[in-house]
Amino acid sequence: MTVSQENRPSYRAAQVTESGGPVHVAPVQPREPGPGEVRLDVKASGICGADAGMAANPSPAYGFPITPGHEVAGVVAEVGEGVAGWEVGERAGVGWFGGSCGHCTACRSGDVVHCAERQIPGLSYTGGWATSITVPAAALVHIPDGLSFEEAAPFGCAGVTTFNALRHNGAEPGDRVAVLGIGGLGHFAVQFAAAMGFETVAIGRGKDKRATALDLGAHHYIDASAEDAGKALRAMGGARLILSTASSSKPLAGLVDGLTPHGRLTVVGFDGTPLDLPLDKLVMHARHVTGHVTGSPVDTEQAMRFALASDVRPQVQTAPLEQAAEALKTQQAGQARFRMVLTTGD
């Protein structure tokens, strides 16, 4: 189904039109879906730390203008040829996983997020800081009743990433799990960890974050600005899993000391700084250091269902699309509580 040009409403997008240029909102013409694609009318779009890098990309794969955004929630507006299972008017979203080739070994084995040709909205094609986005139908996520568009959007990256990282890393209910960082990713992770039955330890900087961490479901809080977090974890008996959601990689080497034998440090947030880690800390205690990235659309839907069943919700701070530049600055300054979400008002 397509919509004729004369019947289209006005559309707009937050764009960067030249290398190093500012983010500004401009009128756009939405792209009609081709075979196997679906166009969404966007209702809400989250701001992730990676979006700043996308906005600053000097040579985007799809050229200028750049429109970031990979945490998108909206309504199906048009369905391309050959698409089954989606109808106009359905609530749907797309996250960091924005499509794959469908024929490589990773895709054929069901590991679509590690496809060598995987696509990411805002990086591989025009993203979701807009009133319209066109994506491969295989990347779409059904949004369940019970989640608003503003709540659903962050599940496409922050939600599914932390959900999968916690459930796929060997910890079992009753195990002690620590979460480093209480931000866009971390506030999700603390809630998920507590809901999954882990003895949850939140690690932040400053005593003022203690009440927030406990309100999110943490059983313990470690103020890393006042004590060595690795030693504090070890004094508790050690953590089976430490999930690092913070943007700084500096604390990680010390945190490894807080792992139990066979414990695992999983990194989902980082700043690109090399990890300087003496190997004896791993070898002598059979510890592991791993990375984790996102999840498939099916994983995202499961994260949403789990959230509804266990009363996990992102805490979002909304701003209209027209204030995308200011909202990005708020996110970059670490002042969002806890996820900035752009709304279209459409």
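In this report, we go over the structure that sits alongside the text. (Residues numbered from 1 in each chain as written. Predicted model: local features only at pLDDT ≥ 70, side-chain atom pairs only at ≥ 80, totals over all residues. Heavy atoms only, no water.)

1. Let's talk about the pattern of salt bridges
Moving on, step 1. Overall, the coordinates contain nine salt bridges when judged by the stated rule.
Moving on, step 2. Where Glu37 meets Arg31, a salt bridge forms, and the shortest distance between an N and an O atom there is 2.8 Å.
Moving on, step 3. Owing to a relative accessible area of 17%, Glu37 belongs among the buried residues under this scheme.
Moving on, step 4. Linking Arg39 and Glu78 is a salt bridge whose minimum nitrogen-to-oxygen distance equals 2.6 Å. Of the two residues, Arg39 is situated in strand S3 (residues 37–46) and Glu78 in strand S4 (residues 72–79); the sequence distance between them amounts to 39 residues. Taken as a pair, Arg39 and Glu78 share a single burial class, namely buried.
Moving on, step 5. Look at the salt bridges and you will find they share partners, linking Arg39, Asp41 and Glu78 into a network. (Salt bridge = Lys/Arg side-chain N within 4 Å of Asp/Glu carboxyl O. Buried < 20%, exposed > 50% of the residue type's maximum accessible area, 1.4 Å probe, protein only. Helix = DSSP H or I, 4+ residues; strand = E, 2+ residues; numbered from the N terminus.)

2. Here we look at the packing of aromatic side chains
Moving on, step 1. Across all of its chains, the model carries five aromatic pairs by this definition.
Moving on, step 2. Ring geometry for Phe188 versus Phe192: centroids 5.6 Å apart, planes at 10 degrees, classification stacked. Residue Phe188 and its partner Phe192 are located together in helix H5 (residues 186–195), separated by four residues, close to a single helical turn.
Moving on, step 3. Given the relative accessible area of 0%, Phe192 is considered buried.
Moving on, step 4. Between Phe192 and Phe306, the ring centres sit 6.0 Å apart and the planes meet at 50 degrees, which makes this aromatic pair tilted. Note that Phe192 is positioned in helix H5 and Phe306 in helix H10 (residues 297–310), a separation of 114 residues in sequence.
Moving on, step 5. Using a relative accessible area of 25% as the deciding quantity, one classes Phe306 as partly exposed.
Moving on, step 6. Every member of this aromatic cluster is reached through a ring pair, and the members are Phe155, Phe163, Phe188, Phe192 and Phe306. (Phe/Tyr/Trp six-rings, centres within 6.5 Å; stacked < 30°, edge-to-face > 60°.)

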